Amino acid sequence: MDQEIEKIPPDIKLVGEAVVALNVSCRNVGIYPRNHPAVELSLNRAFDLFRRIFEVRSSLSLVVAEDTLVIDNYRLDRKNAAYRQFAGLLNRLNIVYVTFLKAFTKDELYIFQHYVSGQARDPSSPDVPFDGKDLPDIQVGFVDYKRFSVEEGKTLQDMPREDLWEMYIAALSAGTLNAEDLEELDEISAEVFSRIVNRMYEEDADGKSAERIFTFYTQRLFRRPFANENMKRLIELLGGLLPGPREKFLAVVADVLSKDVREAAPSPDGVSPDLVMSLIDQLESGEISVPESLRNLLDRLQRPAAGGNDPLSLMGSHSVDDIFLPSGMQDDKSGSPLERTIFDTFQTSASDTYQEEIRKLADFSSPERFVIPLARLRKEFDDDTIDKAFHLVIFEMMTSDAVSEDEYRQFIQTLREQTSQFMMTGQYRQVLQAVKLLRFNIERDRFADLTREAVKQYYSGDFFLSFIDSFRMMGSQVRDEAWEFCEFFGEMIVPHLINALANEDSKTFRSLLMGCLKQFGEAIVPDALKALDDSRWFVKRNMLSLLIGSRSREIIPHVRPYCRDENRKVSLEALKCLLGLQDEFATEVIGEYLRSGSEEDFELAIALAGSFRVRGTVADLVPALEGKGTTRPGPEQKLLMIRAMGNIGDPGCLDAFRKILSTKVLFFKKNVERMKEEIYGTLKKFSYEDVEDMVQSGLKSRNRHIREESQRLSRKGER
Amino acid sequence: MENVRAFISALMAAVSNCALYSKDHPSVTDLTRKSAAALDVVLRESGALEIMYVEHKFVINEVPFSEMGMQAAKLISRLQRKGISYVKFLPGITIDELRQFIVEIQETDRKLPAFTNIKTGVLDVQADQAKTDGDPDMSDITSFVSRQVDMTRGIYHDISQVNTPNISALREIMGNFAAAFKKPVNVLRLLSHAKSREEYTYVHATNVSVLSMFQMESLGLADKSVLADVGIAGLLHDVGKLFISSVVLEKRGTLSANEWEEMKLHPLSGAKYLSSVQGLPHLATVVAFQHHLGQDGKGYPALRMIHPDQHICTQVVSISDVFDALRSVRPYRKGLETEEVLHIMQKDSGRIFNPVLLNNFIRRTQLFSGLGLGGQK
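In short, a report on the structure. Note that the coordinates shown come from a computational prediction; the quantities given were computed from them, not determined experimentally.

In terms of helices and strands, chain B carries 15 helices and five strands. The 377 residues of chain B split such that 60% are buried. For chain B, the accessible surface area stands at approximately 13800 Å², while carbon and sulfur atoms represent 50% of it.

What follows covers the pairing of strand E2 (residues 59-65) of chain A. Residues and elements named next belong to chain A. The pairing of E2 with strand E5 (residues 95-101) spans five bridges and is classified as antiparallel. Bridge pairing in E5 links Val63 to Tyr97. Relative to strand E3 (residues 68-71), E2 is paired through three bridges, and the arrangement is antiparallel. In the sheet register, Ala65 faces E3, and the bridge partner there is Thr68.

All names here are of chain A. Structurally, Lys676 can be placed in helix H35 (residues 669-682). Its relative accessible area of 12% is what places Lys676 among the buried residues. Not counting residues up to four positions away in its chain, the partners in contact with Lys676 are Ile660, Leu661, Thr663 and Ile706.

A few words on the nonpolar core. Counting residues in hydrophobic clusters, the biggest one holds 160 residues, and the most contacted among them are Phe467 and Phe657 of chain A together with Phe89 of chain B. If you tally residues by element for this core, the top one is helix H1 (residues 2-20) of chain B, at nine residues. What Phe89 of chain B contacts, discounting residues up to four positions off in sequence, is Phe7, Leu39, Leu43, Ala48, Leu49, Ile51, Leu98, Phe101, Asn117 and Ile118 of chain B.

Moving on, we come to helix H3 (residues 70-81) of chain B. All names here are of chain B. Its 12 residues give H3 an end-to-end C-alpha distance of 16 Å, which sits within 8% of 16 Å, the value for a rise of 1.5 Å per residue. Burial analysis of H3 places nine of its 12 residues in the buried class, which makes it a mostly covered element. Trailing H3 by a residue or two, Gly83 shows a phi angle of about 75 degrees, which is positive.

We now examine the pattern of salt bridges. Residues and elements named next belong to chain A. Within the structure shown, the criterion is met by 44 salt bridges over all chains. For the salt bridge of Asp401 with Arg446, the shortest nitrogen-to-oxygen distance reads 4.0 Å. Highlighted residues: Asp401 in the loop between helix H18 (383-399) and helix H19 (405-424) and Arg446 in the loop between helix H20 (428-443) and helix H21 (448-457), separated in sequence by 45 residues. For Arg446, a relative accessible area of 12% puts it in the buried group. For Arg429, the salt bridge is made with Glu481, and the minimal N-O distance between the two is 3.5 Å. Taken together, the positions of Arg429 in helix H20 and Glu481 in helix H23 (residues 479-489) put the pair 52 residues apart, joining distant regions of the chain. Arg429 gets classed as partly exposed once you look at its relative accessible area, which sits at 36%. Residues joined by salt bridges that share partners form a network here, namely Arg34, Glu40, Lys106 and Asp107.

With that settled, consider the packing of helix H22 (residues 461-474) of chain A against helix H25 (residues 507-518) of chain A. All names here are of chain A. Closest axis-to-axis distance for the H22/H25 pair is 10 Å, and the angle between their directions is 125 degrees. Judged by the angle between their axes, H22 and H25 are oblique. Remark: the crossing between H22 and H25 carries right-handed chirality. Each of Ile468, Phe471 and Arg472 in H22 lies in contact with H25, whose residues at this interface are Phe509, Leu512, Leu513 and Cys516. Its residues placed into classes, the contact of H22 with H25 shows six nonpolar, no polar and one charged.

Right, let's talk about the packing of aromatic side chains for a bit. Under the counting rule described, the total for this entry stands at 32 aromatic pairs over all chains. A ring pair is formed by Tyr458 of chain A and Phe463 of chain A, whose centres lie 5.3 Å apart and whose planes are at 80 degrees; its orientation type is edge-to-face. The exposure class assigned to Tyr458 of chain A is buried, which follows from its relative accessible area of 2%. Since its relative accessible area comes to 7%, Phe463 of chain A is described here as buried. With 5.9 Å between their ring centres and 85 degrees between their planes, Phe144 of chain B and Phe177 of chain B make a pair best called edge-to-face. Taken together, the residues span a long stretch of sequence, with Phe144 of chain B in helix H5 (residues 141-162) and Phe177 of chain B in helix H6 (residues 167-181) at a distance of 33 residues. By the burial criterion, Phe144 of chain B is buried, and Phe177 of chain B matches it. Taken together, the aromatic side chains of Tyr428, Tyr458, Tyr459, Phe463, Phe464, Phe467, Phe471, Phe485, Phe488, Phe489 and Phe509 of chain A make up a single cluster linked through ring pairs. Cation over ring: Arg51 of chain A sits above Phe47 of chain A, and NZ or CZ is 4.6 Å from the ring centre. The aromatic ring of Trp483 of chain A is capped on one face by Arg479 of chain A, whose charged end is 5.3 Å from the ring centroid.

Looking now at unusual backbone geometry. In the segment running from Tyr300 of chain B into Pro301 of chain B, the intervening peptide bond is cis, with an omega of 0 degrees. Among the structural elements, Pro301 of chain B can be located in the loop between helix H12 (282-290) and helix H13 (312-327). Phi at Asp445 of chain A takes a positive value of approximately 60 degrees, unusual for a residue other than glycine. Although it is not a glycine, Gln582 of chain A adopts a positive phi angle of roughly 55 degrees. With respect to the helices and strands, Gln582 of chain A occurs in the loop between helix H29 (568-580) and helix H30 (584-595).

Here is what the cut-offs are and how they apply
The numbering scheme is per chain: residues are counted from 1 as the chain's sequence reads. Chains and ligands are labelled sequentially in the order written, the chains with letters from A and the ligands with numbers from 1. Local features in this predicted model are restricted to residues of pLDDT 70 or higher, and side-chain atom pairs are both shown and tallied only at a pLDDT of 80 or more, whereas totals for entire chains, interfaces and linings draw on every residue. For side-chain calculations, the full set of non-hydrogen atoms in the structure is used, while hydrogens and water are omitted. Put simply, DSSP H or I for four residues or longer makes a helix, DSSP E for two residues or longer makes a strand, and each gets a number counted from the N terminus. Burial classes: relative accessible area under 20% of the type maximum marks a residue as buried, over 50% as exposed, and values in between as partly exposed (1.4 Å probe, protein chains only). Areas reported as accessible are Shrake-Rupley estimates using a 1.4 Å probe. Residue values count occlusion only from the protein chains shown. Paired strands, as defined in this entry, are two strands with at least two bridges between them according to DSSP. Pairs of residues are marked as contacts when any of their non-hydrogen atoms sit within 4.5 Å. For our purposes a nonpolar core is just a set of buried Ala, Val, Leu, Ile, Met, Phe, Trp, Tyr and Cys residues, chained together by side-chain atoms within 4.5 Å. An expected span of 1.5 Å times one less than the residue number is assigned to each helix. Here, a salt bridge means any side-chain nitrogen of Lys or Arg that lies within 4 Å of a carboxyl oxygen of Asp or Glu. Axis geometry follows a simple rule: fit a line to the C-alpha atoms, using only the stretch in contact for helices, then measure angles between N-to-C directions, giving values from 0 to 180 degrees. We call two directions roughly parallel when the angle between them is under 35 degrees, roughly antiparallel when it is over 145, roughly perpendicular when it lies between 65 and 115, and oblique otherwise. Should the near helix be turned counterclockwise from the far one by less than a right angle, the crossing is left-handed, whereas a clockwise turn marks it as right-handed. Each residue is assigned to one class: nonpolar for Ala, Val, Leu, Ile, Met, Phe, Trp, Tyr, Cys and Pro, charged for Asp, Glu, Lys and Arg, and polar for all the others, Gly among them. A pair of Phe, Tyr and Trp rings is counted when the ring centres sit within 6.5 Å of each other, with Trp represented by its six-membered ring. The angle between the planes then sorts it: under 30 degrees is stacked, over 60 is edge-to-face, the rest tilted. Over a ring means this: the NZ of a Lys or the CZ of an Arg is within 6 Å of the ring centre and within 35 degrees of the ring normal.

Geometric values such as these leave the question of function open.
Written as structure tokens, this is what we have:
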């Protein structure tokens, strides 16, 4: 809507045309190079219009209101698309005004338009005001964000409305509110309004601000058919104002109403004569001269409108359901005893069923209405769920043929931001979908250069590192998605994973990484062997652990040297590695350990021999069990040896077992009994024929455990 | 500025992980440390980090940015839900404080507590939410509805003429409707009738918005900001039609194959447009894109990549869309009675519409229309 703040500038038509020309040239400057005819033509047009404007004035200032421009207090029609577009362009650049001085040149105009068209700046950079050194005759003012006041520690919900209204009224007095914002005036209660105005009036030396506020307020109040509500408000406001502002306000009311009394035509409901009388009294007591037209209006308002004041007519003009509307209407009803009676009558006369239905309606927020669990519903609206859905929509749009290159470029940027966030939150499937989409588009040759460039990012070292960082953080909760991710990138990701594994301290994450890497089988061998050369013991240990799963015989010569590494953790992993490949070299080393005399080596060798069922070690284990080896094993070690020999299942051990079973001792009987029990526990690993004699003798044993074990073996043998 | 972006990015990832996993998840600790490290660099460089959102612009330490990326937008959106438009991080901030801040902004139902080294606040009356807090004048429902339709018309004009919707106005409409739902008002009375062909777009958009918010509210969703997002998604679901030629859009007869192909582009055009507008909820893009897909995904646009489930908001908007379209008078037919509309819609339950949502909608609508409270009966 056009809003004339003061008077219409005489050259407004010309100015309007100039703004349109500026808008056109700005677009052309944004699209074409400087020497393009379209640029030249449109600049000339704007420039010529300015020359004509400067015949009557020496400068022209365009002030940016949110969606239009203000020239000399005259607001250009916001419905005009060109005005709005140009205002929007300036607004986006935080420009609050631009003044063209008479001496400005066409080159200056071009520089200015180039800036406004956005060609001079990167959208992701700060909106830094351009320096005006090349534009001495075009002055540009920017929003000063330093001057924004902040209410710390408050939220919009708990900020006292009065504070907000005070700011609002201050804006009103400064004339910086838009026409639409004036709607808000209705929300301010008369009490709050009068309190704020009383405060402001003290600091308003010339009373101009108060006059402006009162004018807006009065215009607003009398804008609609004038009813009781407005009149009540007016009286309340007058009651709350101090003498100074009150007098000013009454003068403004008289002035405004006398100018356009038609606006204040009474509503069909009429206005209470008492209220009108009260206003007249106030005007008279304030010795305000009441113009004739206003006096006539007030007289008219004093007279009851036909039927309008009869409360019974409410019944005729409102339907039953209206009575249940608790908005303004209900307030009106509650104001009159007669109306309350009517309302009460309805409640007593309406049937119970009907009242129940009405109650249901009024109570429609009761929880039994839920048809979808609320938690699920809330989940649907949580940011991450919506982000995922949005992500999929971006995918689909990127595959569409109806997308321009610029739009596609923008989508790629969105995709980049989203995938980075998905990465940090362990949503690797979403990331993979982005990569799959780009590959799909490469296959289709869709904006091939852009797509290839974009896809590179997803195959870069930084990208894989960010995955590993994220995986370390997220842990086993995202293991399945992480494995899928690694599987997708295949051997490309292996060196990065190996590097991470080499340096990883956390046992948990090492095992997660190993889980990923083991999927690659032999593919990990070259990188793992390379890392094996690292001087740090834990890198060697981690690589050897990894190589265990590779099942590649090519690693044997590389691993053998580490079987005798001075660091026990390294040599253990190396032995496990080779034992898994049944390399004889490892058997030899285990034999060495068994004969070494070192208790630590001895126990390690027993454990490995048993775990990997190394038959080649039996020749060393048997004498050791019989106490004929370098190391004289204690009872616990003997138990370990029996268990290991059982695991190996080589019949070569059985004579040693028989010897123990036939041993009779007087002392340490308990230790021997435990060994015998352990032997019976291992016999199932041998063929029945080989151990039948021991089983038969076990059936007669007084030891219940041995007897039961023998019975089980015997039954198995009979089958 | 890269450090500010890195800070916000890690901060928002931590917020997401709080919601996705738990506030005690190691990743939250790790990301808090990362964001603290980035913040530390910023604080050493600038003394403090002040983030404001003014008139759809990010203002970082008093420097305005038109574009700060999705994560900054998400942070602002989270803060706005708590009624905050300004946040300032001060030197001396501890990891525990930052972590607590992360946990608190992730909580939807809680007010943000006070922090020693994080100051939050509001800017001025221009902030978006200020307008949604008022109690709209509903003494005359017809003019209340008509005001909302007028505002919708303004928003659609803005889009077609200057390419930018007035987001404050959008929020205001949603605030007004949300306030209307607090009153036991018959939702059917909040619907408007188009008086001309030209008006249909705005009236239909407004009606779909009201009906969608109403459905969500009736399902128990009371969060004002979520309801507003649903309303915005409803209001803009058909915005893509602004990009279809008027010849096709206003054709009275049957569309030719080519015309039909053009028409079928409107969900994509709408989504493309909405995804480019800063300050709009992502939900609006999702709904605009999916609203003709149908519950079975066999509608349009045809999907190439994956078959995502329609978002529940899309399902709700689809119901509102078809309901309002069928009961409206169109150049080629008269408007149908509510009962008839519901009967027709029921036939597509499970195929186009989510049966649970449709049942809920039918029950609610029948309750209103059956009581003779101003529905179609």
